[in-house]
Amino acid sequence: MTTGEIGTARPGAARGLEAVDGFAAARERVCASLSAAVGPDGAVRRPCTSRTLESALLLVLLRRRGDHPRQERELAEFLAAPQAQADGFDAALVQAVLHGRTVGADVVGGELLAGFDHFSMARKRLLFDVCLAVAGAVPFDASMLCPPRAADRGSENGDNTVTWVEMIMLSVRVLVAHGLGTGAQVDAGERERLLELLGSSRAPVWENYPAAHLLALLAVQEFAPGHRLVETGVAAVLVCRNPDGGVPSMSDLDVFSTAPAGIALTRAGADRALLHRMCDYLIGQQMPDGGWAFGEHMRHNDVDDTSYVAACLATVDPVRHREALLRAGGYLRGIVGRDGGFPTYVKGDPSEVGMTAGAVSALAWNGTDHGDLLDGAARWLLDSQHEDGTFERSWSLSEANTIWRAMWALHSLPEPTRTTLQERIADASAASHRFLARAQNEDGGWGYRPKDPSDTTSTCYSLMALAAMGRRPQDDAVVRAGVAHLLSRQGPDGAFTALPDQVAPRPLLFDAPIFTDTWVLLALTGCDSDETR
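Since we're looking at a predicted model, the values are computed, not measured.

Novice: Account for the state of the cysteines, naming residues and giving values.
Specialist: Applying the stated criterion across every chain yields a total of zero disulfides. Cys312 supplies the cysteine sulfur nearest to Cys279, a cysteine that is in no disulfide, at a spacing of 4.2 Å. Cys279 sits in the buried class, given a relative accessible area of 0%. We note that Cys527 lacks a disulfide partner, and the nearest cysteine sulfur, in Cys460, lies 9.1 Å from it. For Cys527, a relative accessible area of 1% gives the class buried.

Laid out in structure tokens, this is it:
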């Protein structure tokens, strides 16, 4: 589908700017809703929805312990609902824990990880296979018995180990060994290390990551069922359950929820006192090395959260937040790869488009001090674009996510980097615009990938990408049709709903509903202009 076809085939485009009737009202409503989500301390505290994987693992653990019958019933009721069995992997987990049924098809390799191209592929395959085995959906197999795993910081192109990976892999080793009836293969040092890791968290749920916590609890249950860490760990997961009885994918996402919300509210012209309160909260969560994690009381930060927080602080007031921004710059300088790109967690891991684009957006406020980083990262981003105008998806299922982040980064570059790379940026923008024009559905929206049904989140990402390129409804039919579609997804109560898009552990979806308002507000403010206000 070409841009010209949008002008003749779509009601929104044919009506021109009439398609944006209600634009200002929708923007104000979403701005008010997102502002109301900000607490007195400046944090946006909204839970993730319940997820099948964590709920099934907790049910298995409670059954083995036999001391929480009511919670077992509530978990079973959640898992019996149709929404808990939305895909083959979830359905296999549910059918195993509720009905004792095994699965014949390869729902991990043939469905969940189909098309997943990432350096962590082998580890993810093992993890999800073992989760199915723990639930009883597949038998344990000797090929699952991974060797002992220790932290490795020495590789420039390998799968380096962060703490949560080490704990998950140790847990997997223990679970498989006991599942095969060969628990003695796990030595005392490995068991002690697992207990050490499990007890290292400052958050009630280990690193706010229920899946990792539950796998470790299930593993310790095998060799030390009466250990106090199992008792306190079970209690912590039970406390974080949602009202529907299920377990959320993340027990605390408050930092990650607050930062992009702050960017959206700033662009919408929200109250300055509210914005300063949000930034003060975020600065209070900064770690000693200058980075941020996705939630509170965590030990391991990452480039993604650091980039969103730093971009928020710079968007609100780079002078007021200069000290925190300089510390964030130090963190990012310390983790950049030799190729100029940025990994997610550990220096030396492969660079990723979303992380590199985020780092550029976070550092762009200070081109004087970070000109070398910005130039290297921008060149890496440009080299990473596919011929069709897309980039790797990585932490998202939507093609438009990394297009947006890359366009935001490339078009926010300060001088002289922007001028030096002007032609390459123009070519990259044109390629991404062509892709978005072709991928746009007949209803004006976008799906995760071309030909997928339109969804709110992918439509927002696409509009945000186009806005970063400088495209506006009054002069671009693709944007005009996209805005019309986005407004059509607003419910009678004024609210927007969206499919989940965030993934962790990749490529497993998790749903944080607060992001719907954030992405919608960023899309609407990005497309705004004097003509649409």
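Novice: Tell me about empty space enclosed by the protein, and please be specific about residues and values.
Specialist: Overall, the coordinates contain four cavities of 30 Å³ or more when judged by the stated rule. Here the largest cavity is characterised by a volume of approximately 590 Å³. What lines the largest cavity is a set of 43 residues, and nearest its centre among them are Thr344, Tyr345, Trp395, Val503 and Ala504. Tallied by class, the residues present in the lining of the largest cavity amount to 21 nonpolar, 11 polar and 11 charged.

Novice: Please provide a residue-by-residue account of the packing of aromatic side chains, values included.
Specialist: One pass over the structure, following the stated rule, counts 11 aromatic pairs. Geometrically, the ring pair formed by Phe515 and Trp519 is stacked, given 5.4 Å between the ring centres and 10 degrees between the ring planes. Residue Phe515 and its partner Trp519 are located together in helix H24 (residues 514-527), separated by four residues, close to a single helical turn. Phe515 gets classed as buried once you look at its relative accessible area, which sits at 3%. A network of ring pairs unites the aromatic residues Phe256, Tyr308, Trp404, Trp408, Tyr461, Phe515 and Trp519 as a single cluster.

Novice: Let's hear about helix H19 (residues 399-410): which residues, and what values?
Specialist: Between its first and last C-alpha, H19 extends 17 Å over 12 residues, near the 16 Å set by a 1.5 Å rise per residue. Those residues of H19 lying buried are Glu399, Ala400, Asn401, Thr402, Ile403, Trp404, Arg405, Ala406, Met407, Trp408, Ala409 and Leu410.

Novice: Requested: an account of the pattern of salt bridges, with residues and values cited.
Specialist: One side chain can pair with another of opposite charge once the charged atoms of both are near each other. Enumeration over the complete set of coordinates arrives at 25 salt bridges. In this structure, Glu28 and Arg27 form a salt bridge, with 3.3 Å as the shortest nitrogen-oxygen distance. Exposure remark for Glu28: the relative accessible area of 43% places this residue in the partly exposed category. We note a salt bridge from Asp372 to Arg333, for which the minimum N-O separation is 3.0 Å. With Asp372 in helix H18 (residues 367-384) and Arg333 in helix H16 (residues 322-335), the pair connects residues that are 39 residues apart, well separated along the chain. A residue is classified by how much of its surface remains accessible, and Arg333, at 33% relative accessible area, is partly exposed.

Novice: Got a sec to walk through the side chain of Asp455? Specific residues and values, please.
Specialist: Its location among the elements puts Asp455 in the loop between helix H21 (422-439) and helix H22 (456-468). Arg489 provides the closest opposite charge to the buried, salt-bridge-free Asp455, at an N-O distance of 6.7 Å. Among the polar contacts made by the side chain of Asp455, one reaches the main-chain amide nitrogen of Thr457 at a distance of 3.1 Å. A polar contact is formed between the side chain of Asp455 and the backbone nitrogen of Ser458, at a distance of 2.7 Å. Setting aside its immediate chain neighbours within four residues, Asp455 contacts Trp446, Gly447, Tyr448, Arg489 and Leu499.

Novice: A description of the layout of surface pockets should follow, citing residues and the corresponding values.
Specialist: The space that makes up the largest pocket amounts to roughly 1,100 Å³. Around the largest pocket sit 41 residues that line it, and Leu397, Val503, Pro507, Leu508 and Leu509 are the ones nearest its centre. Counting residues per element, the ones that place at least two in the lining of the largest pocket are strand S1 (50-51) and helix H7 (108-112). A class-by-class count of the residues in the lining of the largest pocket yields 17 nonpolar, 11 polar and 13 charged. Roughly 330 Å³ of volume is contained in the second largest pocket. Arg267, Thr315, Trp408, Ser412 and Ala468 are the residues nearest the centre of the second largest pocket, which is lined by 20 residues in total. Sorting the residues of the lining of the second largest pocket by element identifies helix H15 (303-316), H19, H22 and H24 as the ones contributing at least two each.

Novice: Can you break down helix H6 (residues 88-99) residue by residue, with the values?
Specialist: Taking 1.5 Å as the rise per residue, H6 with 12 residues should run 16 Å; its terminal C-alpha atoms sit 15 Å apart, in good agreement. Within H6, nine of the 12 residues are buried, which leaves it mostly tucked inside the rest of the structure. Within H6, the full set of buried residues consists of Gly88, Phe89, Asp90, Ala92, Leu93, Val94, Gln95, Ala96 and Val97. Its side-chain oxygen at 3.2 Å from the backbone nitrogen of Phe89, Asp87 defines the N-terminal cap of H6.

Novice: Can you break down the environment of Pro343 residue by residue, with the values?
Specialist: Its place among the elements puts Pro343 in the loop between H16 and helix H17 (353-363). What makes Pro343 buried here is its relative accessible area of 1%. With 13 residues separating them along the chain, Pro343 and Thr356 place their C-alpha atoms 7.3 Å apart. Excluding its chain neighbours within four sequence positions, the residues that come into contact with Pro343 are Val303, Ile335, Asp349, Pro350, Ser351 and Met355.

So, how was this worked out
- Residues numbered from 1 in each chain as written.
- Predicted model: local features only at pLDDT ≥ 70, side-chain atom pairs only at ≥ 80, totals over all residues.
- Heavy atoms only, no water.
- Disulfide = S-S within 2.5 Å.
- Buried < 20%, exposed > 50% of the residue type's maximum accessible area, 1.4 Å probe, protein only.
- 1 Å grid on protein atoms, 1.4 Å probe; cavity = no way out; pocket = protein on both sides within 12 Å on 5 of 7 lines; lining within 4 Å.
- Points joined across faces, edges and corners; volume = space filled by probe spheres on them.
- Nonpolar A, V, L, I, M, F, W, Y, C, P; charged D, E, K, R; others polar.
- Phe/Tyr/Trp six-rings, centres within 6.5 Å; stacked < 30°, edge-to-face > 60°.
- Helix = DSSP H or I, 4+ residues; strand = E, 2+ residues; numbered from the N terminus.
- Expected span 1.5 Å × (residues − 1).
- Salt bridge = Lys/Arg side-chain N within 4 Å of Asp/Glu carboxyl O.
- Lys, Arg positive; Asp, Glu negative; His and termini not counted.
- Polar contact = N/O pair within 3.5 Å; in protein donor to acceptor, adjacent residues only side chain to side chain.
- Contact = heavy atoms within 4.5 Å.

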